[in-house]
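Structural overview for review
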Amino acid sequence: MSDVASYAVRDGIAVITMNNPPVNGLGNALRAALMACLQKAEADAAARGALIIGSARAFSGGADIREFGKPREKPDLFEVNDQQDAMGKPLVAAIGGFALGGGLELALGCHYRVAAPGAQLGLPEVKLGILPGSGGTQRLPRIVPMAEAVRMMTTGATISAERAKDLGLVDEIVHGDLLEGAIAFTRKLDSSQVRRTRDMPAKIDGDPEAFFAQVRDQVAKESRGYPAPLEIVACAAAAATLPFDEGRKVERERFNRLVNTAESKALRHMFFAERQTSKIPGVPEDTQVRPIRKAAVIGAGTMGGGIAMCFANAGIPVTVIDATQEFLDRGISKIRSNYAATVEKGRLAQSDMDKRMALIRGSINLAQAADADIVVEAVFERMDVKQELFRKLDGIVQPGAILATNTSTLDVDKIAAATTRPEDVIGTHFFSPANVMRLLEVVRGKRTAKDVLATTMKLGKTLRKVPVVSGVCDGFIGNRMLEKYVQQSLFLLEEGATPAQVDGALSRWGMAMGPFAMYDMAGNDIGWEIRKRRAVERPDMVYSKLADRICEKGWFGQKAGRGWYRYEKGSRKPVPDPEVEKLLEDFRAEIKVKPRKIPDEGIIERCIYALANEGARILEEGIALRASDIDMVYLTGYGFPPYRGGPMFHADSVGLDKVLKSIQTFQKGYQGAQWQPAPLLVKLAGEGKRFNL
Ligand SMILES: NC(=O)c1ccc[n+]([C@@H]2O[C@H](COP(=O)([O-])OP(=O)(O)OC[C@H]3O[C@@H](n4cnc5c(N)ncnc54)[C@H](O)[C@@H]3O)[C@@H](O)[C@H]2O)c1
């Protein structure tokens, strides 16, 4: 046998052990080895039953997704399943750790399943824009009730071994040694108890047609933009109405169609992109990190409170320090009410809330930061305030403590220069609400030490964020690109579009929210303040004065009841405002622009290519380490649709030559001088290459 699977007979049972670390991915070699072992077990007179087992950590994590879309070697999992079905001896899966995707399909192809307590089972293929393609959609509903099978497959959620036992997916929970328990279980079975899943009827009560009509409606609503969930429902319906082999054909056809869709390619890109972000050239993965046992957060405002919650959620004690008792009390009570709201929704146990609150300590004395391993500063966005604070912290905190700033726009190197230890200073740019948003831009200063960077990246993961490295520049990766997007969104209004039209086009395309609804949510005054500062720092910058006009009227957005839209009292629903439209008309008359109708496609191209073009500069300047990091920033911090893979991946999918051509056309259009194709875009388009390798 090969090394990825071993075969042995124990107490009359053939034990097939998968040994393909780290997760027993079902790549070419393991599938071939499984096939050979199954055949051997069937022929082996010394074995009256067989079982398949993995490691304690993983039964199997499923298909090797690097093989998707590429020709695969034989046998495929399908053929392994056929061999499982052909067995005349009872075949048992012994599941420890997790059985996911193809791993669970392999277990479903066995006649029985036993599992270790706490093992996780699931079919997460939908998250990659595909469906369980090796009989999963046909077998699962023959074992667990159809509604549950559809739920598992369309959400991709995993269930515990205990829940799986209740549903009939697991026959026995093995306490103690899994292998011994599984052998004992298998020994109790004889050949009359061979139980092929394919021979069972689907578990559905009542009229399948009515059931699936209702399920289709619901899944269609929940899966806007994602093609896989509805295809999964179609396969489940086939399981209920067609013979097994025909159902498998339906599954195969739909799998093949999905795997080649742009959406699935984008979701797979995202999967890999997330795993790439922690790879930093010159900072090896085994870089010794500093221990983070205690944290301090300075500033108990919007961001400070959310950041403190992140630490408490991860079990790290945190001291929140504000300048005055009043602001501190307000901040802490906001944290408490945030947790209480989650408890009320049933998403957090009261005892967990109490544990987390107990980890958060408030103070108005900066000296309380002395024993912290990391201090995250989230005070007012002013260089003088931050520098003074860092100067003080330098004199207070223990040697080796990391000093992090949550600044969104200020120069991290200048903040670091206020200390005697710039190598310990780094930017941790959280996004609002900090306890919810997954993105964390980790800003590497000129002098930031490698182990400080590695520690902060690791901490980001501990805080359940997606940490992405950014160099120092105005706006870092995300907000620097956003500026170009904002610029275009406003130029579109100048030219003739309305906020509702721009928002409609972009949200139908998949953005979680249109730009104008987003500005109203964030507060228009925030951008106004930044523009005022920029007007001094970068007087050459061209931007639409429209946003200033809105602010001059006090239309600051949701909090003011009106902004680019109107908001009914207590509602967040944007309602188009005729007064805004009048303001737009007057403004166009003033700048002598004759309004024109702009098609949705034009809106989307202008806004999204503005992101990609600035992304190209960011990549070229080395601010971002790789194109997929930029994609991750937009996917996790800016509501970019995952099924489009991020602005850089989207540009790659369209074709960089086409993107360049569009930009060249924009150069001849309204405010065309604002469009300069990034040199990297021009170069890669010329070479027929992509941003993402
Ligand atoms: N609000 C956002 O969406 C957002 C997003 C990312 C980053 N940021 C950045 O985070 C930082 C904080 O922003 P915010 O929105 O939480 O501001 P905020 O005004 O809500 O809170 C700031 C808090 O800091 C306190 N403070 C000010 N100076 C202090 C000092 N010297 N010592 C101790 N406490 C002090 C204030 O009393 C206040 O409670 C800023 O740098 C901002 O640019 C904000």
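Read on for an overview of the structure.

Next up on the list: the environment of His-269. By the element assignment, His-269 lies in helix 11 (residues 262–276). Residues within four places of His-269 in sequence aside, it is in contact with Ser-628, Asp-631, Gly-645, Phe-649 and Asn-692.

What follows covers the pattern of salt bridges. With the rule as written, the count across this model stands at 48 salt bridges. Taking the shortest distance from any N to any O, the salt bridge between Lys-188 and Glu-172 comes out at 3.9 Å. One end of the pair, Lys-188, is in the loop between helix 7 (178–187) and helix 8 (208–222); the other, Glu-172, is in strand 9 (residues 172–173), with 16 residues separating them in the sequence. Salt bridges here are not isolated pairs; linked through shared partners, they connect Arg-480, Glu-614, Arg-617 and Glu-621.

We now examine the pairing of strand 15 (residues 425–430). The buried count for strand 15 comes to 6 of 6 residues, which makes it a mostly enclosed element. Both faces of strand 15 are covered, namely the face carrying Val-425, Gly-427 and His-429 and the face carrying Ile-426, Thr-428 and Phe-430. On the question of chirality, the crossover connecting strand 14 (residues 402–405) to the parallel strand 15 by way of helix 16 (residues 412–417) is right-handed.

Our focus in this paragraph is the site of the ligand. In the neighbourhood of the ligand, 20 residues make up the surrounding shell, with Met-303, Asp-322, Glu-381, Lys-386 and Ser-408 lying closest. At 2.6 Å from an oxygen atom of the ligand is found a side-chain nitrogen or oxygen belonging to Asp-322. Between the ligand and the protein, one listed contact pairs an oxygen atom with a backbone N or O atom of Val-379 at 3.3 Å. Contact with the protein chains covers 78% of the free accessible surface of the ligand, which is 830 Å². Of all elements in the fold, only helix 12 (302–313) and strand 15 reach the threshold of two or more residues within the shell around the ligand. Residue classes in the shell around the ligand are distributed as 9 nonpolar, 8 polar and 3 charged.

Let us look at the sheet that holds strand 7 (residues 120–122). With mixed pairing, 3 strands are arranged side by side in an open sheet as 5-7-8. With one partner strand each, in any of the chains shown, strand 5 (98–100) and strand 8 (159–160) form the two edges of the open sheet.

Topologically, Ser-489 is positioned in helix 18 (residues 476–495). Polar contacts involving the side chain of Ser-489 include one to the main-chain carbonyl oxygen of Val-486, which spans 2.7 Å. In contact with Ser-489, other than residues within four places in its own chain, are Val-502, Pro-515, Phe-516, Tyr-519 and Cys-607.

The first and last C-alpha atoms of helix 12 sit 17 Å apart over 12 residues, in line with the 16 Å expected at 1.5 Å per residue. Here helix 12 lies mainly inside the structure; 10 of its 12 residues are buried. All of the buried residues along helix 12 are Met-303, Gly-304, Gly-305, Gly-306, Ile-307, Ala-308, Met-309, Cys-310, Phe-311 and Ala-312. The first or second residue beyond helix 12 is Gly-315, which carries a positive phi of 80 degrees.

So, about the nonpolar core. Ranked by internal contacts, the top residues of the largest apolar core, which has 71 residues, are Leu-34, Ile-52, Phe-59, Ile-95, Leu-106, Leu-140 and Leu-169. Look past the residues within four positions of Ile-52 in its chain and what remains in contact with it is Ile-16, Met-18, Leu-34, Leu-38, Phe-59, Gln-84, Leu-91, Val-92, Ala-93, Ala-94, Leu-106 and Cys-110. Counting 70 residues, the second largest nonpolar core, distinct from the first, contains Ala-547, Leu-611, Tyr-638 and Met-648.

Glancing now at helix 2 (residues 77–86). Burial analysis of helix 2 places 7 of its 10 residues in the buried class, the great majority of the element. For helix 2, every residue scored as buried is listed here: Leu-77, Phe-78, Val-80, Asn-81, Gln-83, Gln-84 and Asp-85. Check the buried side of helix 2 and you find it contacts helix 1 (28–43), strand 3 (49–53), strand 4 (91–95), helix 3 (102–108), helix 4 (136–143) and helix 10 (244–259).

Across the sheet, which stays open at both edges, the 8 strands sit in the order 12-11-10-13-14-15-16-17 with mixed pairing between neighbours. Each edge of the open sheet carries a strand with a single partner, namely strand 12 (360–363) and strand 17 (466–470). Across this sheet, the average inter-strand angle for adjacent strands is 25 degrees, counted without regard to direction. The pairing of strand 16 (residues 439–443) with strand 17 spans 5 bridges and is parallel. Within strand 17, the position partnered with Glu-441 by the bridge is Val-468. Across the sheet, helix 14 (residues 350–359) touches strand 11 (318–321) and strand 12, and the angle it forms with strand 12 is around 40 degrees. Sitting on the sheet, helix 17 (residues 450–462) is in contact with strand 13 (374–377), strand 14, strand 15, strand 16 and strand 17, with an inclination near 150 degrees to strand 17.

How each quantity is defined
Residues numbered from 1 in each chain as written. Predicted model: local features only at pLDDT ≥ 70, side-chain atom pairs only at ≥ 80, totals over all residues. Heavy atoms only, no water. Helix = DSSP H or I, 4+ residues; strand = E, 2+ residues; numbered from the N terminus. Contact = heavy atoms within 4.5 Å. Salt bridge = Lys/Arg side-chain N within 4 Å of Asp/Glu carboxyl O. Buried < 20%, exposed > 50% of the residue type's maximum accessible area, 1.4 Å probe, protein only. Right-handed = clockwise from strand over helix to strand, strands pointing away. Near = heavy atom within 4 Å. Polar contact = N/O pair within 3.5 Å; in protein donor to acceptor, adjacent residues only side chain to side chain. Areas by Shrake-Rupley, 256 points an atom, 1.4 Å probe, with all protein chains shown as cover. Nonpolar A, V, L, I, M, F, W, Y, C, P; charged D, E, K, R; others polar. Pairing = 2+ DSSP bridges. Expected span 1.5 Å × (residues − 1). Core = buried A, V, L, I, M, F, W, Y, C linked by side-chain atoms within 4.5 Å. Axes fitted to C-alpha atoms, helices over the stretch in contact; angles between N-to-C directions.

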